Amino acid sequence: RARGGVVVFDPNYRPRNWTSSAVARDAMEAFAPLVDWALPTFEDEQMLMGDPDPQATLARWQKAGASIVVVKQGREGAWAADSLGVRRVATRPVHPLDTTGAGDGFNAAVLNALLHGQTLDQAVGEGHALASRVLGHRGAIIPMSDMPRRDRS
């Protein structure tokens, strides 16, 4: 951060990777103030933190200090927040072949778009587009020919 870096975090909570939900919750709460851009999935946040809705997840990350928050909801789209406010960004329904890696693909496309100067809404759209492509392939590996053109450089 002192040299211009940005801390990006996708909590990606998986209960089997923690000794208890209390330990995981404590770790997430301790780390949250260090995060500039948060990319949580609502289902995970609801399970771990008890958030009643995606807006509560978004508000919690903002309160911790994140300047950009994107709460992923799969086929329900995402909630996004930055200095321009809070809004829902819809997506098109997709019939998944395999869900492996869809969230990671989403994150990669969002970060790539933001780092290339796109708005948050454009970046979330890019995330949805790449996640949709990933959902159409088995094992989270897609051919380079299916990657968005800008992501190939």
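Everything discussed here concerns the structure shown above.
First things first, this report covers the structure right here in the doc. (Residues numbered from 1 in each chain as written. Predicted model: local features only at pLDDT ≥ 70, side-chain atom pairs only at ≥ 80, totals over all residues. Heavy atoms only, no water.)

Axis separation between helix H4 (residues 102-115) and helix H5 (residues 120-135) bottoms out at 7 Å; the angle between their running directions is 145°. As for the relative orientation of H4 and H5, their crossing is right-handed in sense. Touching Ala-102, Gly-105, Phe-106, Ala-109, Val-110, Ala-113 and Leu-114 of H4 are Leu-120, Ala-123, Val-124, Glu-126, Gly-127, His-128, Leu-130, Ala-131, Val-134 and Leu-135, all from H5. Taken together, the residues of the contact of H4 with H5 break down into 13 nonpolar, three polar and one charged. (Axes fitted to C-alpha atoms, helices over the stretch in contact; angles between N-to-C directions. Helix = DSSP H or I, 4+ residues; strand = E, 2+ residues; numbered from the N terminus. Left-handed = near helix turned anticlockwise from the far one by under 90°. Contact = heavy atoms within 4.5 Å. Nonpolar A, V, L, I, M, F, W, Y, C, P; charged D, E, K, R; others polar.)

Glancing now at the pattern of salt bridges. For the structure on display, the rule yields six salt bridges. With a shortest N-O distance of 3.0 Å, Asp-10 and Lys-72 are connected by a salt bridge. Taken together, the positions of Asp-10 in the loop between strand E1 (8-9) and helix H1 (21-31) and Lys-72 in strand E3 (residues 68-72) put the pair 62 residues apart, joining distant regions of the chain. An identical accessibility class is assigned to Asp-10 and Lys-72; each is buried. A salt bridge links Asp-121 to Arg-87; its shortest N-O distance comes to 2.6 Å. Within this pair, whereas Asp-121 is found in helix H5, its partner Arg-87 is found in strand E5 (residues 85-89), the two being separated by 34 residues in sequence. For Asp-121, a relative accessible area of 38% translates into the label partly exposed. Since its relative accessible area comes to 17%, Arg-87 is described here as buried. It is possible to trace a salt-bridge network through shared partners that takes in Glu-45, Asp-51 and Arg-60. (Salt bridge = Lys/Arg side-chain N within 4 Å of Asp/Glu carboxyl O. Buried < 20%, exposed > 50% of the residue type's maximum accessible area, 1.4 Å probe, protein only.)

The phi torsion at Asn-12 lies on the positive side, around 45°, for a residue other than glycine. Mapped onto the elements of the fold, Asn-12 is located in the loop between E1 and H1.

The next thing to look at is H5. Since the α-helix packs 3.6 residues into each turn, any two residues three or four apart lie on the same face. Look at H5: 22 Å from first C-alpha to last across 16 residues, which is about the 22 Å you get at 1.5 Å a residue. Along H5, the positions that sit buried rather than exposed are Leu-120, Ala-123, Val-124, Gly-127, His-128, Leu-130, Ala-131, Ser-132, Val-134 and Leu-135. Taken together, the buried residues of H5 touch E3, strand E4 (78-82), E5 and H4. (Expected span 1.5 Å × (residues − 1).)

Along the chain, Asp-51 falls in the loop between helix H2 (42-49) and helix H3 (54-64). For Asp-51, the side chain forms a polar contact with the side chain of Arg-60, separated by 2.6 Å. Setting aside anything within four residues of it in sequence, one finds Asp-51 in contact with Phe-42, Glu-45, Gln-46, Ala-56, Thr-57 and Arg-60. (Polar contact = N/O pair within 3.5 Å; in protein donor to acceptor, adjacent residues only side chain to side chain.)

Moving on, we come to the sheet that holds E1. On the basis of which strands lie adjacent, the open sheet formed by five strands has the order E1-E2-E3-E4-E5 and mixed pairing. Two strands lie at the open edges of the sheet, namely E1 and E5, each paired on one side alone. With five bridges connecting them, E4 and E5 associate as antiparallel partners. Along E5, the bridge assignment pairs Ala-81 with Val-86. (Pairing = 2+ DSSP bridges.)

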